[in-house]
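# An overview of the molecular structure
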Amino acid sequence: MVLFRRLLGEVLRAQRLERGMTLREVSAEARVSLGYISEVERGQKEASSELLASLCSALDVALSDVLRDVSDAVAIEEATILRMPVRAAADAAAA
């Protein structure tokens with residue numbers, strides 16, 4: 001199963017690292033706790049639309065760009081899962 005929150009976290013982390021920013025810098029700019037941002041980046045917490053807007057603003061990236069990157073990542077994972085044999089896909093989804 002594709003987890004949107006995991007892929008969103010990966011995209012946000014990549015954006016942050018691409019800009020050479022630390023979690024502390026993003027936290028201060030977005031006015032969101034460092035721990036919460038870390039959990040979002042690790043796919044452990046869902047990001048509300050308000051939080052996502054704050055993070056995108058802090059990262060100076062368009063929300064549409066982040067969502068497009070996540071959509072692309074979802075499509076790649078779906079394609080990978082669909083190419084697996086039925087049993088392997090079921091095992092992967094259960095994991």
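Residues numbered from 1 in each chain as written. Predicted model: local features only at pLDDT ≥ 70, side-chain atom pairs only at ≥ 80, totals over all residues. Heavy atoms only, no water.

## Brief notes about unusual backbone geometry
Using the following cut-off: For helices the rule is a DSSP run of H or I covering at least 4 residues; for strands it is a run of E covering at least 2, with both sets numbered from the N terminus onward.
One non-glycine residue with positive phi stands out, namely Arg 31, at about 60°. With respect to the secondary-structure elements, Arg 31 resides in the loop between helix H2 (23-30) and helix H3 (34-41).

## Remarks on the nonpolar core
In plain terms, the rule: As used in this record, nonpolar core signifies buried Ala, Val, Leu, Ile, Met, Phe, Trp, Tyr and Cys residues forming a set joined through side-chain atoms within 4.5 Å. Summary of the burial criterion: residues with accessible area below 20% of their type's maximum are buried, those above 50% are exposed, and those between are partly exposed, where the area comes from a 1.4 Å probe applied to protein chains only. By the convention used here, residues are in contact when the closest approach between their heavy atoms is within 4.5 Å.
Leu 8, Leu 12, Val 26, Leu 55, Val 66 and Val 70 are the most contacted members of the largest nonpolar core, which has 23 residues in total. Secondary structure elements with two or more residues in this core: helix H1 (4-18), H2, H3, helix H4 (49-59) and helix H5 (63-83). If one sorts the elements of this core by residue count, H4 sits on top with six residues. Setting aside residues no more than four positions away along its own chain, Val 70 makes contact with Phe 4, Leu 7, Leu 8 and Val 11.

## What about H5?
For clarity, the threshold we go by: Given a helix with a known number of residues, its expected span is that number minus one, times 1.5 Å. Starting at the helix axis, one direction is taken to each C-beta atom, and the arc is that of these directions.
With 21 residues, H5 ought to run about 30 Å at 1.5 Å a step, and its terminal C-alpha atoms sit 30 Å apart, in line with that. Listed as buried for H5 are Val 66, Val 70, Ala 73 and Val 74. What you see down the axis of H5 is that its buried residues fit within an arc of 105°, all on one side. Facing away from the buried side of H5 by more than 90 degrees, the exposed set consists of Ile 76, Leu 82 and Arg 83. Close packing links the buried residues of H5 with H1 and H4.

## Description of the side chain of Gln 15
We apply this condition: Pairs of N or O atoms within 3.5 Å make up the polar contacts considered here, provided that, within protein, one atom can donate a hydrogen while the other can accept it, and that residues adjacent in sequence are counted only when both atoms are side-chain atoms.
Following the sequence through the fold, Gln 15 ends up in helix H1. Within the local environment of Gln 15, its side chain forms a polar contact with the side chain of Arg 19, the two groups lying 2.5 Å apart. Polar contacts involving the side chain of Gln 15 include one to the side chain of Asp 69, which spans 3.4 Å. Ignoring anything within four residues of it in the chain, the contact list for Gln 15 reads Leu 59, Val 61 and Asp 69.

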